[in-house]
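# Chain and residue survey
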2 protein chains.
Amino acid sequence: MRETLEFMMYDWLKVDSLSERERYAAHTRETFQSVLDLSERIATEKFHPLNRLVDAQEPEFDNGRVRLPGGVKEAVNAYANSGLLAAGHDYEVGGMQLPYVVDMAANTFFSLNSIGLAAFGMLTYANANLLMAHGTEAQRSVFALPQMEGRYFGTMCLSEPGAGSSLGDLTTKALPDGQDYADCPLGPRYRLKGSKMWISGAEHDLSENIVHLVLAKIPDESGQLPPGPGGISLFIVPKYLVTPEGGLTEARNDVVLAGLNHKLGYRGIPNTLLSFGESGGAIGYRVGEPGQGLHLMFHMMNEARINIGMGATMLGFAGYQASLDYARERRQGRLRGSKGRKSDGQQVKLIEHPDVRRMLLAQKSLSEGGLALALYCARLVDEKRTGDEAQRKRAGLMLELLTPVAKSWASEWCLEANSLAIQVLGGYGYTRDFPVEQYWRDNRLNMIHEGTHGIQALDLLGRKIRQNDGQAYALWVEGVQQTLEQAKAHEELEPYVDALAHCMDRLSEATRKAQDPECAERALANATPYMQAFGHVVVAWLWLQVLLAALESPTAGNALVQGKRMAMRYFFAYELSKVASWLDVILKGDDTVLAMQGDWF
Amino acid sequence: MRETLEFMMYDWLKVDSLSERERYAAHTRETFQSVLDLSERIATEKFHPLNRLVDAQEPEFDNGRVRLPGGVKEAVNAYANSGLLAAGHDYEVGGMQLPYVVDMAANTFFSLNSIGLAAFGMLTYANANLLMAHGTEAQRSVFALPQMEGRYFGTMCLSEPGAGSSLGDLTTKALPDGQDYADCPLGPRYRLKGSKMWISGAEHDLSENIVHLVLAKIPDESGQLPPGPGGISLFIVPKYLVTPEGGLTEARNDVVLAGLNHKLGYRGIPNTLLSFGESGGAIGYRVGEPGQGLHLMFHMMNEARINIGMGATMLGFAGYQASLDYARERRQGRLRGSKGRKSDGQQVKLIEHPDVRRMLLAQKSLSEGGLALALYCARLVDEKRTGDEAQRKRAGLMLELLTPVAKSWASEWCLEANSLAIQVLGGYGYTRDFPVEQYWRDNRLNMIHEGTHGIQALDLLGRKIRQNDGQAYALWVEGVQQTLEQAKAHEELEPYVDALAHCMDRLSEATRKAQDPECAERALANATPYMQAFGHVVVAWLWLQVLLAALESPTAGNALVQGKRMAMRYFFAYELSKVASWLDVILKGDDTVLAMQGDWF
């Protein structure tokens with residue numbers, strides 16, 4: 001994985017050139033490499049040995065606390081204390097001003113080695129980022145800085161038992177706490193009451209405190225909750241109370257662990273049902289203005305969604321590597337036509353069988369495609385932060401468009417890669433003696449959390465391709481055209497240029513059709529196949545860029561170039577050809593799903 | 001499920017007309033229905049309540065024995081004692097001469113309610129069938145009849161730790177047992193030594209005895225094992241020894257439980273590593289002639305493979321039903337355009353969301369498609385057993401061709417259906433509080449056992465379409481043509497007739513190309529995508545037949561007809577369109593997989 005990661009960072013995305021920007025001026029490839037080294041070492045030494053254990057010994061509910069297996073505290077704190085949680089922030093607050101793309105590259109190793117344990121860091125990182133961007137100075141110093149230092153951990157509390165995808169329907173209430181509620185130095189002080197569901201990392205003793213970021217509604221004068229998503233506000237609710245000056249106390253806030261969810265996978269981090277305000281109300285400090293909650297949370301959600309895509313990709317890589325290692329060792333069967341019926345010769349290695357090679361190549365093509373997509377998005381985040389005005393605007397629009405793709409594509413296809421990893425190992429892959437079945441179970445979450453597949457599809461087709469008069473889509477089409485032009489310089493790429501151009505035409509036709517008011521309802525009913533097609537075209541485009549980088553790299557070795565060439569060929573021959581099928585239902589305006597009635601099932 | 005099952009049996013496959021055949025003359029629809037009633041009742045009352053328990057409390061190794069959760073013995077014996085294990089056999093041996101298709105229909109309920117527990121019966125049934133067909137009279141009465149009565153249970157012992165897909169490489173030895181070995185009334189007596197892996201149901205105390213059917217090799221005079229699959233023989237190895245007259249003793253044979261496999265799912269039945277002959281040699285009685293072992297076992301394997309397809313289908317149905325029930329109850333979100341932003345209206349039920357309906361319709365289309373395929377094959381078994389000479393020949397050839405399809409198609413696509421069931425439930429689907437995650441884990445085995453997906457694909461493309469000069473393929477094409485002709489009578493079916501005819505042309509072109517010696521190697525490297533395409537065309541063909549039966553049925557209700565119409569429409573619009581992509585690599589002679597080298601990964 002690391003060789004491909006570095007190749008994509010330096011040969012393809014030219015990450016070293018970020019040092020030319022003022023914010024990153026102190027950095028060189030050496031500093032980037034030392035961050036990768038540090039991350040890889042901690043992840044390999046501390047996370048990897050625990051990954052099976054945290055699955056087998058899932059978190060246990062113990063009298064209102066969560067019991068985690070031994071070793072977790074040490075491993076998670078090795079990461080938390082490394083300085084990586086602050087790495088992207090300014091020097092003046094203790095950060096390293098590391099580019100986001102390098103930050104994400106560093107995080108790959110944690111997800112690769114234990115997705116569940118990595119989630120503690122991801123949540124803390126995202127929580128602190130939100131507060132640094134939108135909190136008051138006091139909120140930043142009391143709640144964000146200790147997270148960047150790894151002393152406090154963070155959570156995101158959005159869903160409720162009756163409000164998952166439908167956040168506008170949440171019912172957690174926040175009431176002003178006393179007459180002086182508005183004068184609190186930590187922000188307007190409220191008392192929260194309600195239940196939150198699916199909250200990861202919300203109870204443990206790994207850190208000095210836990211900072212919950214909680215969505216809740218402030219009732220109006222008649223006691224009614226304001227309707228819909230626009231009525232949601234955001235609150236900081238610490239597990240242990242702090243003094244008005246921000247000092248940590250030993251007093252528990254009124255937040256109680258009501259239960260643990262027993263998950264199919266991803267068990268390295270506990271997932272909880274939390275109860276706020278059973279004894280009068282949990283103290284919370286409002287962030288931003290009333291009604292801004294969802295908007296602020298989405299600041300965090302968008303990066304979180306790209307991170308979900310990266311995590312799904314790392315599970316894909318983990319399965320790919322495990323099944324590749326197995327296929328290179330295990331002997332089974334004989335090749336057809338090579339006198340397979342004689343017992344005097346040895347059996348061949350699994351990797352010699354074409355069907356096994358097909359399954360390995362599929363995993364390579366899908367995992368590396370997912371990595372390209374996540375890194376490309378991370379690079380856009382840097383562009384959005386440090387580019388000139390035109391670059392920032394372009395990057396912002398592209399990110400809006402590609403975020404649902406980055407999240408959904410990897411979640412779907414790296415799960416498929418994990419299924420192929422099981423298949424390569426055969427019966428052994430179906431046992432818990434090998435890690436591949438766990439990767440498959442862990443990965444199944446990624447199409448669900450942080451917005452389901454269906455929600456991402458509606459976001460893409462119902463919102464992102466339309467907003468700003470379709471500017472984002474137009475910018476992306478332009479980007480694809482540039483890549484096609486560049487690829488035309490290489491004769492061997494001609495068939496791929498043609499294939500991608502053809503798919504782009506069809507996709508643009510479907511996109512136009514989906515916006516035609518007469519077809520829009522039918523198209524939205526098929527938002528998921530649309531998103532599948534879109535995702536495959538995006539990844540084919542990135543694969544073409546990656547191969548171009550390989551062909552034009554002065555330093556890439558032969559095996560790397562050949563591997564990238566074959567993986568791209570695989571993607572075009574076996575995957576991109578599916579696009580026609582997905583677009584078909586949009587182009588034909590298929591209404592089967594709308595015509596189906598509930599009592600005909 | 002039952003309504004569709006009966007519709008397919010009576011309206012589509014005209015199962016009642018089997019009563020016109022001499023063997024089934026005593027049967028009527030009423031006797032068939034009473035068998036279904038009995039099976040559904042036992043499965044619902046005894047199997048269903050245990051399904052979660054047998055997953056949570058997986059079989060434990062306890063000092064050479066297997067400990068199973070309480071209740072399993074009663075449940076499995078309710079089935080074993082019901083007479084169903086003998087139902088297909090002749091009256092004179094205690095059977096009911098039930099048609100095979102009814103037998104399979106009855107078994108659907110057990111798989112639907114607990115796939116792992118159902119496996120005990122499946123194995124016993126198949127074991128007894130093999131012995132009834134190929135054993136001597138003594139072997140039938142001593143080992144098969146007690147299985148038909150449910151007193152003994154059976155296993156199939158094929159794989160070894162180093163020989164799974166490559167059975168020709170197995171190393172279990174069978175040596176003649178004494179000078180008089182050939183004179184044993186129970187068949188030539190041998191002593192077996194070796195290890196067998198992945199043996200389901202090989203140790204338990206549910207039955208009076210366990211009959212292992214074991215593949216082993218008889219060394220030649222120089223002590224060498226005969227090479228390849230042609231050197232394999234078949235032996236009956238009972239867990240408890242029997243007297244030469246067949247009386248059960250309390251003496252254990254030399255077969256030891258060496259370990260249990262800890263599986264991802266399918267935990268209702270223990271899966272074991274067995275050691276034969278640690279103390280001198282396990283006593284085994286040869287069935288058939290030396291070297292015939294694999295041939296005889298395949299008699300059992302072919303029906304077992306159709307049963308795997310049926311089991312995978314039932315898991316698909318189980319997930320479909322669970323997610324449909326959930327989607328009809330759970331309220332979440334609002335529909336677009338219907339003032340979703342106001343909080344005064346209730347949220348809508350999940351089933352109102354088009355994307356949820358799409359996922360439910362996909363599950364319906366895939367599960368019912370799998371059922372149609374399994375029942376169609378079962379109906380062919382009856383044709384092969386009781387038809388006239390021409391019918392028997394035709395049915396035999398069709399079965400050969402369709403068996404790898406029946407096994408692989410349902411294993412792949414009903415697994416996909418189970419993933420959609422999880423998705424419908426969202427976060428709840430990812431927890432063990434709902435059954436859908438278990439169905440998904442259980443179903444993942446079906447692409448692996450009884451011949452992996454890759455093995456089925458080689459069987460189809462490398463063997464079945466070629467054998468008898470392509471007669472089976474030609475017969476099937478003729479069958480499709482007949483359906484297309486019949487469908488032309490219905491104007492509404494015109495687009496589906498065209499779509500299927502187009503796919504058939506492409507498939508036949510790919511099939512011809514794959515047999516061209518110049519392309520054969522590349523085509524075989526793509527045997528899996530070929531099989532995927534073939535499977536989808538087969539199921540589209542059966543869906544067309546099913547809809548024709550619905551349209552022409554005098555009794556089918558409106559909801560059933562509409563449901564079948566929509567499910568067929570879904571299959572053609574969303575699934576059949578994938579065929580072009582899979583065939584593409586064959587038609588273009590894509591050699592990516594062959595060109596990829598091991599050190600480029």
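Attention now goes to helix H6 (residues 115-134) of chain A. Here H6(A) contains 20 residues, and its C-alpha end-to-end distance of 28 Å stays within 8% of the 28 Å for a straight helix at 1.5 Å per residue. The element H6(A) is extensively covered by neighbouring structure, given that 17 of its 20 residues are classed as buried.

Our next topic: the interface of chain B and chain A. Listed as interface residues are 93 residues of chain B and, on the opposing side, 94 residues of chain A. The largest per-residue losses of area from chain B upon contact with chain A belong to Tyr430(B), Trp600(B) and Phe601(B), which jointly make up 11% of the total buried on that side. Where chain B meets chain A, there are six salt bridges. Its salt-bridge partner being Asp591(A), residue Arg569(B) comes within 2.7 Å of it at the nearest N-O pair.

All names here are of chain B. Two elements in contact, helix H13 (residues 467-487) and helix H16 (residues 527-552), have axes whose closest approach is 10 Å; the angle formed by their N-to-C orientations is 35°. Viewed along their axes, H13 and H16 form a crossing whose handedness is left-handed. Of the residues in H16, those in contact with Tyr473, Trp476, Gly479, Val480, Thr483, Leu484, Gln486 and Ala487 of H13 are Tyr530, Phe534, Val537, Val538, Trp541, Leu544, Gln545, Leu548 and Glu552. When the residues that make up the contact of H13 with H16 are grouped by side-chain class, the tally is 12 nonpolar, four polar and one charged.

This part is about the packing of aromatic side chains. Residue and element names in this part refer to chain A. For the coordinates displayed, the defined rule picks out 44 aromatic pairs over all chains. Joined through ring pairs, the aromatic side chains of Trp12, Tyr376, Tyr473, Trp476, Tyr530, Phe534 and Trp541 make up one cluster. Positioned above the aromatic ring of tyrosine 10 is the side chain of arginine 29, whose terminal nitrogen or guanidinium carbon lies 4.0 Å from the ring centre.

Okay, the relation of the copies chain B and chain A next. Mapping chain B onto chain A leaves a residual RMSD of 0.0 Å; the transformation is a rotation of 180° accompanied by 0.0 Å of translation along its axis. Interpreted geometrically, this transformation is the action of a two-fold axis. Considering only C-alpha atoms, the part of chain B nearest the rotation axis is Lys578(B), at 3.2 Å. Comparing interface residues between copies, 100% of those in chain B also sit at the interface in chain A, which points to an isologous, same-surface contact.

One finds Trp476(A), Phe534(A), Trp476(B) and Phe534(B) to be the most contacted residues of the largest nonpolar core, which totals 442 residues. Among residues more than four places away in sequence, those in contact with Phe534(A) are Leu401(A), Val405(A), Leu460(A), Ile465(A), Tyr473(A), Trp476(A) and Leu507(A).

Our focus in this paragraph is the confidence of the model for chain A. Residue and element names in this part refer to chain A. On average, residues of chain A score 96 in pLDDT, and 99% of them reach the 70 mark or higher. A low-confidence stretch, residues 338-343 (pLDDT under 50), is modelled with 11 contacts involving residues beyond four sequence positions or located in other chains. In the predicted complex, the global pTM is 0.97; the interface-specific ipTM is 0.97.

Here the focus is helix H11 (residues 436-443) of chain A. With eight of eight residues buried, H11(A) lies mostly within the body of the structure. Considered for burial, the residues of H11(A) that qualify are Val436(A), Glu437(A), Gln438(A), Tyr439(A), Trp440(A), Arg441(A), Asp442(A) and Asn443(A). Among the structural elements, helix H3 (51-56), H6, helix H8 (293-329) and helix H10 (389-425) of chain A together with helix H10 (389-425) and helix H11 (436-443) of chain B are those in contact with the buried residues of H11(A).

Attention shifts here to unusual backbone geometry. Trans is the common state for peptide bonds, and a negative phi is the common state for residues other than glycine. Backbone geometry at Asp469(A) places phi at a positive 50°, although glycine is not the residue there. Mapping Asp469(A) onto the fold places it in helix H13 (residues 467-487). Judged by its relative accessible area of 81%, Asp469(A) is exposed. Here the phi dihedral of Tyr266(B) falls at roughly 55°; this positive angle occurs in a residue that is not glycine. On the secondary structure map, Tyr266(B) appears in the loop between strand S10 (255-260) and strand S11 (271-276).

Residues and elements named next belong to chain B. Of all seven residues in strand S7 (residues 232-238), seven are buried, a share of seventy percent or more. Judged by which residues are buried, S7 turns out to be covered on both faces: Ile232, Leu234, Ile236 and Pro238 on one side and Ser233, Phe235 and Val237 on the other are all buried. As defined by bridge partners, strand S6 (residues 209-217) adjoins S7 across seven bridges and the pair is classed as antiparallel. In the strand pairing of S7, lysine 217 is matched with isoleucine 232. One ladder, built from three bridges, connects S7 with strand S12 (residues 282-287); its direction is antiparallel. Following the sheet pairing, leucine 234 is matched in S12 by valine 287.

What follows covers the pattern of salt bridges. Throughout the structure, instances matching the rule amount to 76 salt bridges over all chains. As a salt-bridge pair, Asp169(A) and Arg334(B) come within 2.6 Å of each other at their nearest N and O atoms. Of the two residues, Asp169(A) sits in the loop between strand S3 (152-157) and strand S4 (173-176) while Arg334(B) sits in the loop between helix H8 (293-329) and helix H9 (354-386), which places them in two different chains. The exposure class of Arg334(B) is buried, given its relative accessible area of 18%. Beyond isolated ion pairs, a larger network of salt bridges with shared partners links Arg52(A), Asp55(A), Glu58(A), Arg267(A), Glu437(A), Arg441(A) and Arg432(B).

Residue and element names in this part refer to chain A. Inspection of the secondary structure puts leucine 260 in strand S10 (residues 255-260). Owing to a relative accessible area of 13%, leucine 260 belongs among the buried residues under this scheme. Leucine 260 sits 194 residues away from valine 66 along the chain, and the two C-alpha atoms are 8.4 Å apart.

Basis of the calculations
Residues numbered from 1 in each chain as written. Chains lettered and ligands numbered in written order. Predicted model: local features only at pLDDT ≥ 70, side-chain atom pairs only at ≥ 80, totals over all residues. Heavy atoms only, no water. Helix = DSSP H or I, 4+ residues; strand = E, 2+ residues; numbered from the N terminus. Expected span 1.5 Å × (residues − 1). Buried < 20%, exposed > 50% of the residue type's maximum accessible area, 1.4 Å probe, protein only. Contact = heavy atoms within 4.5 Å. Buried area = accessible area lost by both parts, 1.4 Å probe. Salt bridge = Lys/Arg side-chain N within 4 Å of Asp/Glu carboxyl O. Axes fitted to C-alpha atoms, helices over the stretch in contact; angles between N-to-C directions. Left-handed = near helix turned anticlockwise from the far one by under 90°. Nonpolar A, V, L, I, M, F, W, Y, C, P; charged D, E, K, R; others polar. Phe/Tyr/Trp six-rings, centres within 6.5 Å; stacked < 30°, edge-to-face > 60°. Lys NZ or Arg CZ within 6 Å of the ring centre and 35° of its normal. Least-squares fit on C-alpha atoms with pLDDT ≥ 70 in both. Core = buried A, V, L, I, M, F, W, Y, C linked by side-chain atoms within 4.5 Å. pLDDT = per-residue confidence, 0-100. Pairing = 2+ DSSP bridges.

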